[in-house]
Amino acid sequence: MNLIIKYFLIVCCCFGTIQLFAQNSQLRAYTIADGLPQSQVYDMVQDDMGYLWLGTQGGGLANFDGTVFEVWNENDGLLSNYIDALYTSNDSVFVGTKKGLSIKVKNQFVNFDTPQILQIYPEKQELYIGTKRGVYTYTKRKKLNKISIHPEIDKSEINSIFFDGNYYWLATNKALWKLNELNDVADEIKKVEVNNFKSVISHNNKIIAATFDDGVFIISQDNNDDKFLMPEPSRISSMSIQNEDELWITTDNEGITIVETNKFSEIKRLNTANGLATPHIRKVINDDNGNIWIATSGGGFYKYFQNNFKYYNQRMGLRGNRIYAVHNAADGLWFSTSEAGLAKIDSAGIYAIPNEGSFFDVKIKTITSDSKGNIWAGSDNRGVLFRETKMVDSLVFSSSETYLIQIDTVAVKKTTNHIIDESKGFPSDWVRTVIAADDYVWAATYAEGIVKFNYYSDKDSLVIKKKFTTRDGITDMLIKDFKKDVKGKLWYATQNGHLGTIENNKVTSITTGLEQQTAINSILFHEDYIYLSTSGKGIWYANSTNPVNFLQLKGAKNVSSNNIYQLIFDDQGFLWAGSERGVDKIELTTDNEIVDVYHFGRNDGFLGIETCLNAVDKDEDGNLWFGAIYGLTKHIPSESKKTAAPPTVYFTGVEERYRNIDSLVLKDWTNSNKVLQLTPEQTQLGFSFRTVDVDHPNEVEYRTKLDETEWSPWVKENKQNFAGLAYGPHTFQVQSRNYRWQESKPISFSFFIDSPLYQKDWFQWSVLALAVFVLMGIGLFYIRKIKAKNRAEQERLKTQNYLLTLEQKALQLQMNPHFIFNVLNGIKAMAGNKPEKMDTTINSFAILLRETLQNSRKEHISLDQEIKVLRHYVEVEQLMAQKPFEYTIDVQTNLDAEEILIPPMLIQPFVENAIRHGILKGEKLGKLEIGFSTSKTHLQCSIIDNGLGIFKSQSEKPKTDHQSMALTVTKERLKSITGTNTLHISEIKNDDGSIDGTKITFKIPLLTDY
């Protein structure tokens, strides 16, 4: 054998090539670990709401909403836990069990004993049930009856029933039958083929009937003699048409065979090599969203994705599922698995690199290649791997029949692994990122900064050119990512949110505006922008040429998670973001606003779940490669998009005071003219509703409204309670939207809360009329007596009021006789020697008497008139006094004194008391201060004198009837005008405690003449 061929074989053996089995489709398993009650699923259907119903062998009945399983078994009333057939209609589930038929209506079961049920088939408003012993029918009268068709049919196992529009086809364990009616009056009964038939369907004017051991018969629907047998596969359990023209044949030993329905040639097979846990398949169905579901015996059930993802894990040749680093090089895609070294994928398969030395048993966190095709990899605690590939000459020896030996020289590839670590002078064995440039190699370590170096493999020589640390301006040494932009500038991002550049061996810090301690996980350059992914703060961007204003990426929708581990742009211009929830495909405007977000998680074919930090790359064909904790995922770009159907929302319950109203068939009450009548006490209602989306069950949101109010905000809560509802008609509405924000049509439920008897119009009018009649009778009886009593009371009040008025006027007319006597005596004494003073005194006294008489006839006079009277009174007192004194009257008000009204003779008794018993008894020069001021509501008055002091004066003076009466009446007048506690009398004291006079203050309500 030629040595070149030998060498090639040796290299292939060293690399351990593994053939790929990953398909452009995916399988997502649901097992007992997810909540499935039993791993043997024999039938599966989807109801109108979108729930998947599963019949198991031994685990009973289960329904599935995409996340949660709800289970019913014999303890709940189910006839048997062994289920072979299912059918749903409205809110009922028909369960074919080993012991007979169970009908689940709401949460109760109605049971009928029959032989083991194998199929339930609805047609022409009838429900036909195939059993181990013939055909039964379930009628609208809720009765189950056996149909007598043909003696041989009645004793056979009815595995499948199908109606093609004209004829019924029965697949039994003994033959394939064709009938024009499915009862004892059928006049056309034909045994088409003898065999153990398991399934019969129709497609493209052909009857397709599957046997258990001998393959599938293809029979012309028009001419039953025109038929042929497709001999494979065997051991068939069921058939279905998927994707319009694909016949899916399930078997109990070889998985699923998919056949195209034109020439009936095999397309592909799904079996344990493709990811199924068992080859025993019972049923295949499709759902409303275009997904295919596969029920197995022993492996639970699967969701089959037809999408643009390819998935690789340990079952497909990887050494481990956790992918730490991904890099597309010239010779293929390189990646590292969990502490299991390097591997490569190319068109031929997966190549696991032999674990040579200690480097390959650690986490390799970064992979890159240089311009020569050499691989550089950074690790945790093992330094840097330099995988060098060179062309070397090799001698080839050949011989001939002449025994001459010919020696040729050929060039072959030789690969050598070099480890660069601390033992060779490298600063750190913990390497986060490596950049292999043409002139230098750069490495970002975990905590020792960034290293610029050269390595010369022929001499095994390491040359450190520069080490960038805190001394050079890198304030945070915990580097998370390290990238080179298109202009050759180096950028680094750190755990604590620092961003910086290195250019011409100079470190420059960049201000991002992010909060401190916000980790920047990755850096991405695209066109003129730089993008940063963060832990907890989403994605940020700025102009890469002048990154002074970083903004958070926002728009019409939000990304599925703010913990972003990976960023990459595809060739179509979409930004892909990897997180702990999967990946988001983000559509952006030219201004970096989010237009739309397409999320891919476990239910969408991205089976790796949580993505790993910066383990993402794009190959030369535009395919994206994502490393995650559960494998490696490849996304193949395609124009085809799976269109999600708009959601449908349903009412699932109506509660009154937290008790479900079970009598309602909610489907009949939804969007109908029916109105639920409630009593006046039933004012507390609760509505539950649901949209089932098995693809994205946790992304459905709802909004509600009552009557003509505004819609509520979108929330994930699928229940709404109301308390204290008003009497009268109401309409409750609810709407849902799915993960694509497609909105359902609103649904409504109408109800009417009857008002209580006492609030009814007729009752209120009747009570009112009766009350009016009674009141009129009582009024007529007492009206004369009341009128007479009122007249007497009015006369008494008038008399009393008149007497009070006379008393008030009499009090106003009172004047101290002693004062008048003194004035007259004084005038007499002035006649001889002081005629001028006598004239002045007489004039002032006359004016005072005249004004007093005039004002006594009025209830109120102006403040200006009152001040005039006070001036005349004080001046008369000054003329008659034996010692001189001064007085001032101060008015501080925004209103004119002529506009303010005041009762007459209200202040004069206090002024008289201040002069006679205060000022005139004191030894110093007398001073009298009278002040008026106003607030918004009151007129305040103050009388201040510097006399002896009111309390001392009262103790020394002889009390007169006039004086005590005048003060008492004045106090009572103030009390009647203003109320209690309005008059305040106090002595003015000096600092040494001596008395310096008396201060009297009071206030009355402010009255004006406008």
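Going along each chain's sequence as written, the residues are numbered from 1 onward. Reporting in this predicted model follows two pLDDT cut-offs: at least 70 for local features of residues, and 80 or more for side-chain atom pairs to be given and counted; totals over whole chains, interfaces and linings ignore these cut-offs and use all residues. Each side-chain value is derived from all of the structure's non-hydrogen atoms; neither hydrogens nor water enter the calculation.

Further remarks concern the pairing of strand β34 (residues 349-352). Strands qualify as paired when DSSP identifies two bridges or more between them. To qualify as a helix, a DSSP run of H or I must reach at least 4 residues; to qualify as a strand, a run of E must reach at least 2; elements of each kind are numbered from the N terminus. Note: strand β33 (residues 342-346) against β34, 4 bridges, orientation antiparallel. Looking at the pairing, I345 lines up with I350 of β34. Adjacent in sequence and paired antiparallel, β33 and β34 are bridged by 2 residues.

Here we come to the pattern of salt bridges. By convention in these notes, a salt bridge is any Lys or Arg side-chain nitrogen within 4 Å of a carboxyl oxygen on Asp or Glu. For the structure shown, the criterion picks out 33 salt bridges. The shortest N-O distance in the salt bridge between K227 and E193 comes to 2.7 Å. Taken together, the residues span a long stretch of sequence, with K227 in strand β22 (residues 227-230) and E193 in strand β18 (residues 189-194) at a distance of 34 residues. Here R740 ties to D596 by a salt bridge, and the two come within 2.7 Å at their closest N and O atoms. Here R740, found in the loop between β64 (728-737) and β65 (747-753), pairs with D596, found in strand β54 (residues 594-600); they are 144 residues apart in sequence, far enough to count as distant. Here R740 matches D596 in class, with each residue buried. Any residue under 20% of the maximum accessible area for its type is buried, any over 50% is exposed, and the rest in between are partly exposed; the area is computed with a 1.4 Å probe on protein chains only.

Aromatic rings from Phe, Tyr and Trp, taking only the six-membered ring of Trp, are treated as a pair when their centres fall within 6.5 Å; an angle between ring planes under 30 degrees marks them as stacked, one over 60 as edge-to-face, and anything in between as tilted. Using the criterion set out here, one finds 49 aromatic pairs in the structure. Relative to F732, the ring of F651 has its centre 6.2 Å away and its plane inclined at 45°; by these criteria the two rings are tilted. Of this pair, F651 sits in strand β58 (residues 650-656) while F732 is found in strand β64, placing the two residues 81 residues apart along the sequence. Exposure remark for F651: the relative accessible area of 6% places this residue in the buried category. Grouping aromatic residues by their ring pairs yields a cluster made of F651, W669, F687, F689, Y702, F722, F732, F749 and F751. In our convention, an over-ring charge means Lys NZ or Arg CZ found within 6 Å of a ring centre and within 35 degrees of that ring's normal. Cation over ring: K585 sits above Y598, and NZ or CZ is 5.8 Å from the ring centre. The ring of W741 carries R737 above its face, with NZ or CZ at 4.2 Å from the centroid.

Points on a 1 Å grid over protein atoms alone make up a cavity when a 1.4 Å probe fits among them but cannot get out, and a pocket when they form an open set with protein on both sides within 12 Å along at least five of seven lines; lining residues each have an atom within 4 Å of a point. Grid points are joined across faces, edges and corners, and a volume is the space filled by probe spheres set on the points. With the rule as written, the count across this model stands at 4 cavities of 30 Å³ or more. Sorting the residues of the lining of the second largest cavity by element identifies α8 (908-919), α9 (950-956) and β72 (995-1005) as the ones contributing at least two each. The element that contributes the greatest number of residues to the lining of the second largest cavity is α8, accounting for 4 residues. In this classification, Asp, Glu, Lys and Arg are treated as charged, Ala, Val, Leu, Ile, Met, Phe, Trp, Tyr, Cys and Pro as nonpolar, and every other residue, Gly included, as polar. Grouping the amino acids of the lining of the second largest cavity by side-chain chemistry returns 3 nonpolar, 7 polar and 2 charged.

Attention now goes to the sheet that holds strand β68 (residues 900-902). Hydrogen bonding along the main chain pairs the strands of a sheet, whether they run parallel or antiparallel. Across the sheet, 3 strands lie side by side as β66-β68-β73; this open sheet has antiparallel pairing. A single partner strand is all that each edge strand has here, and the edge strands are β66 (861-862) and β73 (1007-1008). The sheet contact formed by β68 and β73 spans 2 bridges and is antiparallel. Following the sheet pairing, L901 is matched in β73 by L1007.

Confidence of the prediction at every residue is given by pLDDT, a number between 0 and 100. Of all residues in the chain, 91% attain a pLDDT of 70 or more, and the chain-wide mean is 87. Residue range residues 1-24 is modelled with pLDDT below 50. Its contacts to residues more than four positions away, or to other chains, number 45 contacts. Should any heavy atoms of two residues lie within 4.5 Å, those residues are counted as being in contact.

Let's shift gears to a nonpolar patch on the surface. Taken together, the side chains of L770, F773, V774, I778, F781, Y782 and I786 define a hydrophobic patch exposed on the protein surface, amounting to about 760 Å² of accessible area. One can find Y782 in helix α4 (residues 761-813). For Y782, a relative accessible area of 39% gives the class partly exposed. Note on patches: the residues involved have over 30% relative accessible area and no salt bridge, like charges join within 9 Å, and the nonpolar side chains Val, Leu, Ile, Met, Phe, Trp and Tyr join within 5 Å. What sets the accessible areas is the Shrake-Rupley method with a 1.4 Å probe; for residues, cover comes only from the shown protein chains.

This paragraph deals with the sheet that holds strand β51 (residues 564-569). Spatial ordering of the open sheet is given by β51-β52-β53-β54, a layout of 4 strands whose pairing is antiparallel. One side of each edge strand has no neighbouring strand; the edge strands of this open sheet are β51 and β54. Here the average twist between neighbouring strands, direction ignored, is 20°. Bridge count between strand β52 (residues 575-579) and strand β53 (residues 582-588): 5 bridges; the pairing is antiparallel. Within the sheet, the bridge partner assigned to G578 lies in β53 and is V583. Only the stretch in contact is used when a helix axis is fitted, and all axes are lines through C-alpha atoms; the angle between N-to-C directions ranges over 0 to 180 degrees.

Bringing the pairing of strand β70 (residues 938-945) into the picture now. For a regular strand, side chains alternate in direction, first toward one face of the sheet and then toward the other. Here β70 lies mainly inside the structure; 7 of its 8 residues are buried. Between strand β69 (residues 926-934) and the antiparallel strand that follows it, β70, lie 3 residues. Relative to β72, β70 is paired through 8 bridges, and the arrangement is antiparallel. Each residue of the ladder has a partner; that of L939, found in β72, is I1004.

Moving on, we get to helix α6 (residues 835-855). Between the first and last C-alpha of α6 there are 30 Å, a value that for 21 residues agrees with the 30 Å anticipated at 1.5 Å per step. Among the residues making up α6, those that are buried are M838, T841, S844, F845, L848, E851, T852 and N855. A helix is expected to reach a length of 1.5 Å times the quantity of its residues less one.

Quick look at the nonpolar core now. To qualify as a nonpolar core, a set must consist of buried Ala, Val, Leu, Ile, Met, Phe, Trp, Tyr and Cys residues joined through side-chain atoms within 4.5 Å. Ranked by internal contacts, the top residues of the largest apolar core, which has 39 residues, are I907, V911, L928, F932, I943 and F1002. No other element matches the 7 residues that helix α7 (residues 863-880) contributes to this core. With sequence-adjacent residues up to four places away left out, F1002 is seen in contact with L906, I907, F910, L939, Q940, C941, I943, L974, T982 and L983. Formed by 27 residues, the second largest nonpolar core is a distinct cluster that contains V45, L61, F109 and V692.

Further remarks concern the packing of α7 against α8. Put simply, α7 and α8 touch, their axes get as near as 11 Å, and they point 25° apart. Comparing their axes, α8 and α7 come out roughly parallel. By crossing handedness, the relation of α7 to α8 is classed as right-handed. Residues E866, L870, Y873, V874 and E877 of α7 lie in contact with α8, whose contacting residues are Q908, V911, E912, I915 and R916. Classifying every residue of the contact of α7 with α8 by side-chain character gives 5 nonpolar, 1 polar and 4 charged. Each angle gets one of four labels, with under 35 degrees taken as roughly parallel, over 145 as roughly antiparallel, 65 to 115 as roughly perpendicular, and the rest as oblique. Each helix crossing is assigned a hand: it is left-handed if the near helix lies turned anticlockwise from the far helix by less than a right angle, otherwise right-handed if that turn is clockwise.

This part is about the packing of α6 against α7. The N-to-C vectors of α6 and α7 enclose an angle of 145°; their axes lie 9 Å apart at closest approach. The chirality of how α6 crosses α7 is left-handed. Between α6 and α7, the contacting residues are K837, T840, T841, S844, F845, I847, L848, E851 and N855 on the first element and K868, V869, H872, Y873, V876, L879 and M880 on the second. Class assignment for the residues of the contact of α6 with α7 results in 8 nonpolar, 5 polar and 3 charged.

Its place among the elements puts L678 in strand β60 (residues 675-678). The buried category is assigned to L678, whose relative accessible area is 5%. If we skip the residues at most four places from it in the chain, L678 touches L685, F751, F752, I753 and D754.

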